[in-house]
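Architecture at a glance
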Amino acid sequence: MARARFSEIMRPAAGTFPLDEAALLISGALQPGLDPARWLGELDALARGCPTASAAGVAHHLFTTEHFVGNRGAYYDWRNSCLDRVIATRTGIPISLSVVMIEVARRIGLELVGVGMPAHFIVGSAGDADEYFDPFGGGRLLDRTGVRALFEQVTGGEAPWNDQYLEPTSSRDIVIRMLNNLKSVFAGRSDLVRYAIVMDLRGCVPELAELEAAEITSTAAIFN
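Residues numbered from 1 in each chain as written. Predicted model: local features only at pLDDT ≥ 70, side-chain atom pairs only at ≥ 80, totals over all residues. Heavy atoms only, no water.

What follows covers unusual backbone geometry. In the Ramachandran plot, H67 falls in the positive-phi region, its phi being about 65° despite a non-glycine side chain. Among the structural elements, H67 can be located in the loop between α4 (55-65) and β1 (69-70). Here the phi dihedral of R90 falls at roughly 65°; this positive angle occurs in a residue that is not glycine. Mapped onto the elements of the fold, R90 is located in the loop between α5 (83-89) and β2 (91-92). (Helix = DSSP H or I, 4+ residues; strand = E, 2+ residues; numbered from the N terminus.)

Written as structure tokens, this is what we have:
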């Protein structure tokens, strides 16, 4: 069961966990009957088809040869956060496209890291502090100056830059950000079933469960 396995790997004592599996477990909770093994196999196939074992090679393979692209027309479609749908349709949002790139690279022996700057998720090279990729922007290569320019573009210049935005984002924080995105998507819709599923998954993550409990306590105090 997706929920039980997700709860197991998100326990703090569980340590590191496979990012691809965690993302597919979220997908499976939202889409009963999903077979994670099938989509792990699809990631394997993408990796086998990558002809160049470099970060730039992975970017070219995914965003030029395989035609992965940012879903600008339906950005807030919840399926953009489901790794299986991103693989199947070749469309997604910055964080889900980044997960695909990170996991394909890992399969060919490359360490790429998520870079969770506010407003726009990108990918960085673990071995080069001046090499970044924008999966939502077609996998284009950026240096630190380019990342800052991208940040200023997506925030409209209304938020101050901080070099800490370039720090690697852990797999755990990537999963949390994906759940935050899904909560935001479903909170404004009438899809109460999937909203409840996302809230249940958030309850499997101790730090999110504590946050939700604190919010409930704070809200209750207002009406007491």
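Attention now goes to the sheet that holds strand β6 (residues 140-142). The strand order β3-β4-β5-β6 describes an open sheet built from 4 strands, whose pairing is antiparallel. Taken across any chain shown, the strands that pair with only one partner, and hence form the sheet edges, are β3 (112-115) and β6. Averaged over all adjacent pairs, the angle separating strand axes in this sheet is 35°, with direction ignored. Bridging between β3 and strand β4 (residues 122-125) involves 4 bridges; their strand directions are antiparallel. Bridge pairing in β4 places G114 opposite V123. In this fold helix α7 (residues 144-154) packs onto β4, β5 (128-134) and β6, with an angle of close to 110° to the strand it touches most, β6. (Pairing = 2+ DSSP bridges. Axes fitted to C-alpha atoms, helices over the stretch in contact; angles between N-to-C directions. Contact = heavy atoms within 4.5 Å.)

This next bit is on the environment of S125. Its place among the elements puts S125 in strand β4. Separated by 70 residues in sequence, S125 and A55 have C-alpha atoms that sit 7.1 Å apart. Other than its neighbours up to four places away in sequence, S125 contacts E111, L112 and E131.

Attention now goes to the environment of V123. The residue V123 is located in strand β4 in this model. Measuring from C-alpha to C-alpha, the distance between V123 and L182 comes to 21 Å, with 59 residues separating the pair along the chain. Residue contacts for V123: discarding those within four places in its chain leaves S98, M101, I102, L112, V113, V115, E131, Y132, F133 and P135.

What follows concerns the environment of F6. By the element assignment, F6 lies in helix α1 (residues 2-9). In this structure F6 comes out as buried when scored by relative accessible area, which is 0%. In the structure, F6 is positioned 180 residues away from F186 in sequence and 20 Å away in space, judged by C-alpha atoms. Sequence-distant contacts of F6, defined by excluding residues within four places in its chain, comprise A22, L25, I26, V175, L179, L201, C204 and V205. (Buried < 20%, exposed > 50% of the residue type's maximum accessible area, 1.4 Å probe, protein only.)

The next thing to look at is the confidence of the model for the protein. Atom-level detail of predicted coordinates should not be read off regions where pLDDT is low. Taken as a whole, the protein shows an average pLDDT of 93; of its residues, 94% reach a score of 70 or greater. Segment residues 218-223 is flagged for pLDDT under 50; beyond a separation of four residues in sequence, or across chains, it makes 0 contacts in the model. (pLDDT = per-residue confidence, 0-100.)

One number sums up the size of the largest pocket: a volume of about 300 Å³. Lining the largest pocket are 14 residues; nearest its centre among them are Y75, Y76, I93, P94 and N181. When residues of the lining of the largest pocket are traced back to their parent elements, those giving at least two are α6 (94-107) and α8 (171-187). The element best represented in the lining of the largest pocket is α8, accounting for 4 residues. Residue composition of the lining of the largest pocket, grouped by class: 8 nonpolar, 4 polar and 2 charged. The computed volume of the second largest pocket comes to approximately 180 Å³. Taken together, 13 residues form the lining of the second largest pocket, with I102, E103, R106, L112 and S171 sitting closest to its centre. Going through the elements one at a time, α6, β3 and α8 are the ones with two or more residues in the lining of the second largest pocket. (1 Å grid on protein atoms, 1.4 Å probe; cavity = no way out; pocket = protein on both sides within 12 Å on 5 of 7 lines; lining within 4 Å. Points joined across faces, edges and corners; volume = space filled by probe spheres on them. Nonpolar A, V, L, I, M, F, W, Y, C, P; charged D, E, K, R; others polar.)

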